[in-house]
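As a plain string of letters, each chain reads:
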Amino acid sequence: MQNSWYQIQAPGVGQAWIAGWLTSVHNTTSQTGTSQNTTQQKYGKIMTDVLNVRSGPGTNYTLLTKIGLNEVHEIVEQKEGWYKIKVGEQLGWVTADYVELVSAPVNNTENQPTQDNTYAQTVVVTGGTVNIRQQAVIDAKVIAKVNAGERLAITAKQGDWLEVKLYDGTKGWIAEWLTEPTTATTSSRGSILESEVLIAPIAEGKAFKIIDSAGRPILLLEGWTSDQYQISSSNDNKIILELDGPTERNYEGKNTRLGIQGIKIYPKAQKAVIEVSFSFAPTQSISYDEASKKTRIQLGTKQTKGLTGKVIVVDPGHSSIQPGGWLDPGALGKYTGLKEKDVNTDIAFKLKKLLEEAGAGVIMTHTGQTELSLAARAGLANSANADIFVSVHANYSLKNNISGHSTYYYAPTNDAVLNTQKYSRQKLATLVQRELVIAGGRKDMGVLTANFAVLRETRVPSILVETAFLSDVEEEKLLGTEAYRQKLAIGIFNGIKAYFE
Ligand SMILES: [Zn+2]
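Nothing here was measured: the structure is a model prediction, and the numbers come from that model. (Residues numbered from 1 in each chain as written. Predicted model: local features only at pLDDT ≥ 70, side-chain atom pairs only at ≥ 80, totals over all residues. Heavy atoms only, no water.)

Undergrad: Just checking my understanding: could you explain the coordination of the zinc ion for this structure?
TA: Geometrically, a metal with four donors at the corners of a regular tetrahedron has ideal angles of 109.5 degrees, and one with six donors at the corners of a regular octahedron has ideal angles of 90 or 180 degrees. Within the protein, the atoms that donate to the zinc ion are H318 (NE2), E340 (OE) and H393 (ND1), at distances of 2.1 to 2.2 Å. Of note, the donors binding the zinc ion are all from one chain and are spaced H-x21-E-x52-H. With H318 in the loop between β28 (311-316) and α2 (340-357) and E340 in helix α2, this residue pair connects regions lying 22 residues apart in the sequence. There is no split in this pair, since H318 and E340 are both buried. (Donors = N, O, S within 2.8 Å, 3.2 Å for Na, K, Ca; no water. Helix = DSSP H or I, 4+ residues; strand = E, 2+ residues; numbered from the N terminus. Buried < 20%, exposed > 50% of the residue type's maximum accessible area, 1.4 Å probe, protein only.)

Listed below in structure tokens is the structure:
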């Protein structure tokens, strides 16, 4: 390519030049083609969690779709801080602030399912209940449904569709715009998933990353030895990193889920400065690995009041995958057959939303079905060193005229760990029960103790909430309504909130 002109071979004309803006480059490896030129095409790598793709170069334009961290898309036009990019077959505009220019080869099998590394290995489903289809087209046969929050492994990509692997091993296609990318790896802490939520290359071979470790942030420096950076802070809620070596990187962002109110990266003399401010005053635990030149700054919360920065494990009762593939439904409503698992899962997700909006990090033990044992569900809270564990259930009685709300905890004297938590466990159960009764308006059956597996196996304060009775005609009807399930979620939320105050 010479400026914006392409040299072409035209029949009957021989060699000629054509204005670049009148053509589009097609990849071809033929001798007379423009294969040399295609390597100069511009690609943009997305440097933020989620980036909006709009119909025009401005935030006032319609939102077309969302793209995620590390995705690479072709840039076809540029205008005042905005890039027009090609997402599958669709064209749209993104702000240039979160796009890094990279060179990438043209994918010449664009319409074939391909394995490349431009997409995350796993995605999280974002839109309500989403169809999984047999083929990568909108009207293909629906072979399964997945719920918001479920994490799926990607096996291939075709246009705007991702081929994903389902729990039973079968594969199907999900619309990419109903998912968010995650790059999940298993951490040394066991079964807790860590995902990179920001990757900012600072200089050749050097990068700054932010990792979401079960709702808590980890700052990762790659490529600096331990004497090539300084860590300081100008106030309790801020960490400033000064890294040796020049950079051209400027970046501003935030991550509310992790309690990060602002991330600022900018050059200063022969250094790169990274300022990270938090909605809480973080404690730091720093580890440095000499072999890989990696510094890991793990951030925790001091014993502060309020929900901000707390990690809460929410366990929707039942839904365990049984031998043969069916799901344990829990109790079945006496009058309409309403499944307890569906009630529990819905209330649990409503609770998750409320907690996250209040600044807490939430780990769900599952998102609709799980192979985890009850002890393993509790184990999630233990390995994350969560602040509390809350299991959500609905009750059932064979006796007539039994109804109302109840909350369980367990802290026997013969278990040293649980017994030292007796005050916390009882307090959590008491406050949640109090608020549940206020919100739900049914009979107060009180705070009870029971040796339930999830309460026994959790090493952090835990409760099990029996929201209402599926064997009571009125309560089954109430549990069947979205509005009442929301009330119950608010009740549990208010109790948890009171516990941390
Ligand atoms: Zn149950």
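Undergrad: Help me understand the nonpolar core, please; the structure alone is not making it clear to me.
TA: Most often, soluble globular proteins keep nonpolar side chains buried together rather than apart. Ranked by size, the top nonpolar core spans 39 residues in total, and within it I312, V314, L355, V390, I492 and I496 carry the most contacts. Going through the elements one at a time, β28, α2, β29 (361-364), β30 (388-395), α5 (422-440), β33 (462-469) and α8 (482-499) are the ones with two or more residues in this core. No other element matches α8, which puts eight residues into this core. With residues near it in sequence (within four places) discarded, V390 still touches V313, V314, D315, L351, I463, V465, I492 and I496. A200, L221, W224 and L241 belong to the second largest nonpolar core, which has 25 residues in total. (Core = buried A, V, L, I, M, F, W, Y, C linked by side-chain atoms within 4.5 Å. Contact = heavy atoms within 4.5 Å.)

Undergrad: Would you take a moment to explain the side chain of H73 for this structure?
TA: Relative to the assigned elements, H73 resides in strand β6 (residues 72-79). With relative accessibility at 7%, the residue H73 sits in the buried group. Engagement of the side chain of H73 in a polar contact is seen with the backbone oxygen of K86, the distance being 3.3 Å. (Polar contact = N/O pair within 3.5 Å; in protein donor to acceptor, adjacent residues only side chain to side chain.)

Undergrad: Please clarify how the sheet that holds β29 should be interpreted in this entry.
TA: Strands in a sheet are paired, the pairing made by backbone hydrogen bonds, and the direction either parallel or antiparallel. Read across the open sheet, the six strands follow the order β29-β28-β30-β33-β31-β32; overall the sheet is mixed. A single partner strand is all that each edge strand has here, and the edge strands are β29 and β32 (444-449). Here the strands of the sheet are splayed against their neighbours by 20° on average, with no regard to which way each runs. Across the face of the sheet, α2 comes into contact with β28, β29, β30 and β33 while running at roughly 145° to β30. α8 rests against β28, β30, β31 (405-409) and β33 of the sheet, and its axis sits at about 150° to β30. (Pairing = 2+ DSSP bridges. Axes fitted to C-alpha atoms, helices over the stretch in contact; angles between N-to-C directions.)

Undergrad: Looking at this model, I keep getting lost on the sheet that holds strand β21 (residues 229-232). Mind explaining?
TA: In spatial order, the strands read β21-β22-β25-β24-β23; together these five strands make up an open sheet with antiparallel pairing. Both outer strands of the open sheet, β21 and β23 (251-255), are each paired with one neighbouring strand and no more. Taken over all neighbouring pairs, the strand axes of this sheet differ in orientation by 15° on average, direction set aside. Pairing geometry for strand β22 (residues 238-244) and strand β25 (residues 271-278), over seven bridges, is antiparallel. Residue K238 lies in a different strand from β25, and its bridge partner there is S277.

Undergrad: Would you explain the pattern of salt bridges in this entry?
TA: Opposite charge on two side chains makes pairing possible when the charged atoms of those side chains draw close. Evaluation of the coordinates by the stated rule reveals 20 salt bridges. The residue K271 makes a salt bridge to D244 at a minimum N-O spacing of 3.0 Å. Of this pair, K271 sits in strand β25 while D244 sits in strand β22, and the two are 27 residues apart along the sequence. D244 gets classed as partly exposed once you look at its relative accessible area, which sits at 25%. The salt bridge partner of D346 is K350, with a shortest N-O separation of 2.7 Å. Here D346 pairs with K350, and both are found in helix α2, just four residues apart, close to one helical turn. What makes D346 partly exposed here is its relative accessible area of 23%. Taken together, the shared-partner salt bridges in this structure form one network comprising D346, K350, E482 and R485. (Salt bridge = Lys/Arg side-chain N within 4 Å of Asp/Glu carboxyl O.)

Undergrad: Please clarify how α8 should be interpreted in this entry.
TA: For an α-helix the count is 3.6 residues per turn, leaving residues at separations of three or four pointing the same way. Between the first and last C-alpha of α8 there are 26 Å, a value that for 18 residues agrees with the 26 Å anticipated at 1.5 Å per step. Every buried residue belonging to α8 is among Y484, R485, L488, A489, G491, I492, F493, G495, I496, A498 and Y499, and all of these are buried. (Expected span 1.5 Å × (residues − 1).)

Undergrad: Explain unusual backbone geometry to me, please; I cannot follow it from the model alone.
TA: What is expected of a backbone is that most residues other than glycine have negative phi and most peptide bonds are trans. Even without being a glycine, A269 presents a positive backbone phi close to 50°. Here A269 lies in the loop between β24 (260-268) and β25. For A269, a relative accessible area of 73% gives the class exposed. One non-glycine residue with positive phi stands out, namely K293, at about 55°. As for its placement among the helices and strands, K293 is situated in the loop between β26 (282-289) and β27 (294-301). Overall, K293 belongs to the partly exposed group, its relative accessible area being 36%.

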